[in-house]
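# Commentary on secondary and tertiary structure
Here's the letter readout for the chains.
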Amino acid sequence: MTKMCFTLSASRLMKVSEGRKLCKEMGDKPILLLSVEFEAKKRYFASKGKAAS
């Protein structure tokens, strides 16, 4: 079994229990983590492109 390491960044303050629950969900479903990462990158590069225009 491979161990996944990732960094969780929150856009709002969370209770510790919410953070633990989110980390557990991400660890149990790696495809969910990949989809969240892809969406974040897509939004970042879209905003970066608008700023350059």
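Along each chain, residues carry numbers from 1 onward, in the same order as the chain's sequence is written. For a predicted model such as this one, the threshold for reporting local features is a pLDDT of at least 70, and the threshold for listing and counting side-chain atom pairs is 80 or more; totals across whole chains, interfaces and linings nevertheless cover every residue. The basis for the side-chain values is all heavy atoms of the structure; hydrogens and waters are excluded.

What follows is about the overall build of the protein. Segments assigned H or I by DSSP are reported as helices when at least four residues long, segments assigned E as strands when at least two residues long, and all are numbered from the N terminus. Each helix and strand in the protein was counted, giving two helices and zero strands. Burial here depends on accessible area, computed with a 1.4 Å probe over protein chains only, as a share of the maximum for the residue type. Under 20% is buried, over 50% is exposed, and the range in between is partly exposed. Looking at the protein residue by residue over its 53 residues, the buried ones come to 6%. A total accessible area of about 5,100 Å² is found for the protein, and carbon and sulfur atoms account for 62% of it. Each accessible area is a Shrake-Rupley result for a 1.4 Å probe, and residues are judged covered by the shown protein chains and nothing else.

Turning our attention to the environment of Met 26. Structurally, Met 26 can be placed in helix α1 (residues 16-28). With 10 residues separating them in the primary sequence, Met 26 and Val 36 have C-alpha atoms 9.7 Å apart.

This part takes up the packing of aromatic side chains. Stacked, tilted and edge-to-face pairs are distinguished by plane angle, under 30 degrees for stacked and over 60 for edge-to-face with tilted covering the rest, among Phe, Tyr and Trp rings (Trp via its six-membered ring) whose centres lie within 6.5 Å. Under the criterion given, the structure shown has one aromatic pair. Centre to centre, the rings of Tyr 44 and Phe 45 are 5.1 Å apart; their planes meet at 70°, and the pair counts as edge-to-face. Residue classification places Tyr 44 among the partly exposed positions, given a relative accessible area of 45%.

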